[in-house]
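These are the residues of each chain, in order.
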Amino acid sequence: MWPLPWIRASLDLAVLGCVLEAPLHGYGIAQQLEGRGFGRLKGGSLYPALSRLENVGYVETTWQQGDSGPGRKYYTLTDSGRQYLSQALMQWKALTRALDVTKGI
């Protein structure tokens, strides 16, 4: 599991990365994030991030009826979300290169 400050700093990008390939519901996103080292996120961190991303237009939502239960809200990456993710990941990679102190070792 990643340290909590890292998770907080990277959560929006990680969420956008989860819905890059296909729409997912909140629980599906949480499962992907857990598999990527973010641990088991609580709704108090994931759903505010999803709401933030929806408010700025990086994801859009649709409701889909469940097979054996209530409907689920699915999150889909928008074109502006895809553009933001691409630019932000380039910046993130530049930051990790700047932090790489092993270059001189």
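Whatever comes next refers back to the structure up there.
Residues numbered from 1 in each chain as written. Predicted model: local features only at pLDDT ≥ 70, side-chain atom pairs only at ≥ 80, totals over all residues. Heavy atoms only, no water.

Asker: Any chance you could explain the packing of aromatic side chains here in plain terms?
Answerer: Each aromatic ring pair is specified by the distance between its two centres and by the angle formed by the two planes. Taken as a whole and assessed by the stated rule, the structure comprises 2 aromatic pairs. Both rings, one in W2 and one in W6, keep their centres 6.2 Å apart while their planes meet at 35 degrees; by these two values the pair is tilted. For W2, a relative accessible area of 42% puts it in the partly exposed group. Geometrically, the ring pair formed by Y58 and Y84 is stacked, given 4.5 Å between the ring centres and 10 degrees between the ring planes. Of this pair, Y58 sits in the loop between helix 3 (43-55) and strand 2 (59-64) while Y84 sits in helix 4 (residues 79-99), placing them 26 residues apart in sequence. (Phe/Tyr/Trp six-rings, centres within 6.5 Å; stacked < 30°, edge-to-face > 60°. Buried < 20%, exposed > 50% of the residue type's maximum accessible area, 1.4 Å probe, protein only. Helix = DSSP H or I, 4+ residues; strand = E, 2+ residues; numbered from the N terminus.)

Asker: Looking at this structure, how should I read the environment of G28?
Answerer: The residue G28 is located in helix 2 (residues 26-38) in this model. Taking the relative accessible area as the measure of exposure, G28 reaches 9% and is therefore buried.

Asker: When you look at the pairing of strand 3 (residues 72-77) in this model, what are you seeing that I'm missing?
Answerer: On a regular strand, each side chain points to the face opposite its neighbour's, so the side chains alternate between the two faces of the sheet. In this sheet, strand 3 lies alongside strand 1 (residues 24-25) in antiparallel orientation, the contact comprising 2 bridges. Looking across to strand 3, one finds that H25 is bridged to Y74. (Pairing = 2+ DSSP bridges.)

Asker: I tried to follow helix 2 on my own but got confused; where do I start?
Answerer: Because an α-helix packs 3.6 residues into every turn, residues spaced three or four apart end up facing the same way. If you check helix 2, its first and last C-alpha atoms are just 14 Å apart, much less than what 13 residues at 1.5 Å a residue would give, namely 18 Å. In the segment just after helix 2, G39 is the residue with positive phi, at about 70 degrees. (Expected span 1.5 Å × (residues − 1).)

Interpretation note: all reported values are geometric properties and have no functional meaning in isolation.
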